[in-house]
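# Overview (structure and organization)
Listed here are the chains, written in short residue letters.
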Amino acid sequence: MEKLKNSFVIVIPVYNCEEYIHRSFYSVVSQVFPDLGVIIRDDQSTDSTPFILEQILGIDGITEFYTKFHGKDVLFIRNQHKFYGGGNTYDSARNYISNRSAIVGVVDGDDWLTDAEAAAKIFDVYASRKVWQVWSQHQANSLALVGRSGFSSELPDDLRIYQDRNYWSVSHFRTCLAWLYDYVREEDLYDPFERKPFCKFAADAANIYPISELCGKAKSFFFRRSSVFLQ
């Protein structure tokens, strides 16, 4: 099993993203930050997404493959069973990143980074502020024509992030230190309703909520609206 040693690793969970995956992938590997690793997890797509990725990477039918691409370490994994959004990120952070001090970010396969310096800017925040979790504002496509920039915000003082609009506090572009995932139990991410291994809906939120509670406001940082990194 190949493991990435980079100081910043971005996980791209993909499922049926054929329309967006090219733009999503290149927005990540085009980041100017030099020590960046990328983990792409195809979660059993039924469209052409995995084949597009195989063409980009120059592979054919391989379930796990490591390569260098645009100077970045890239690990492609074609899942043998469903992990859903949160399971992909959790498994990647726990089992495919050897540097436990690495920053782990998530860019879904139908999203893309709008700033080539996003990773570098976020890395600087970790270095200067000694925080454990950083996230930015985002622009949702459905909101683009009305000038809104997503739902991200600072953590509330009482950390009740499960209630009302606080549900959206820690939204895209989400990052945190890899070792934080070591304190999240896998069974806490299991779907209690559909009897599936991992949550099917809002699974990325299931990941980040316990991490946000571990960090608290003192170890968290939010980029305000002036810094929209992800679409």
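Here goes a summary of the coordinates provided. Note that this is a predicted model, so its numbers are computed, not measured.

## A closer look at the side chain of D47
Secondary-structure assignment places D47 in the loop between β2 (36-42) and α2 (49-57). Buried and without a salt bridge, D47 has R78 as its closest oppositely charged side chain, separated by 8.3 Å. Within polar-contact distance, the side chain of D47 engages the side chain of T49 at 2.8 Å.

## Points about α2
Among the nine residues of α2, seven are classified as buried, and the element is accordingly described as predominantly covered. Listed as buried for α2 are T49, P50, I52, L53, E54, I56 and L57. Where α2 is buried, its residues touch β1 (8-14), α1 (21-29), β2, β3 (64-69) and β4 (72-78). Just downstream of α2, G58 is the residue with a positive phi angle, here 75 degrees.

## Comments concerning the sheet that holds strand β6 (residues 133-135)
Read across the open sheet, the eight strands follow the order β3-β4-β2-β1-β5-β8-β6-β9; overall the sheet is mixed. The outermost strands of the open sheet, each flanked by one partner alone, are β3 and β9 (220-222). In this sheet, neighbouring strand axes are inclined to one another by 20 degrees on average, regardless of whether the strands run parallel or antiparallel. Across six bridges, the pairing between β2 and β4 is parallel. When the bridges of β4 are listed, G37 appears paired with D73.

Reading the values: rules and limits
Residues numbered from 1 in each chain as written. Predicted model: local features only at pLDDT ≥ 70, side-chain atom pairs only at ≥ 80, totals over all residues. Heavy atoms only, no water. Helix = DSSP H or I, 4+ residues; strand = E, 2+ residues; numbered from the N terminus. Buried < 20%, exposed > 50% of the residue type's maximum accessible area, 1.4 Å probe, protein only. Lys, Arg positive; Asp, Glu negative; His and termini not counted. Salt bridge = Lys/Arg side-chain N within 4 Å of Asp/Glu carboxyl O. Polar contact = N/O pair within 3.5 Å; in protein donor to acceptor, adjacent residues only side chain to side chain. Contact = heavy atoms within 4.5 Å. Pairing = 2+ DSSP bridges. Axes fitted to C-alpha atoms, helices over the stretch in contact; angles between N-to-C directions.

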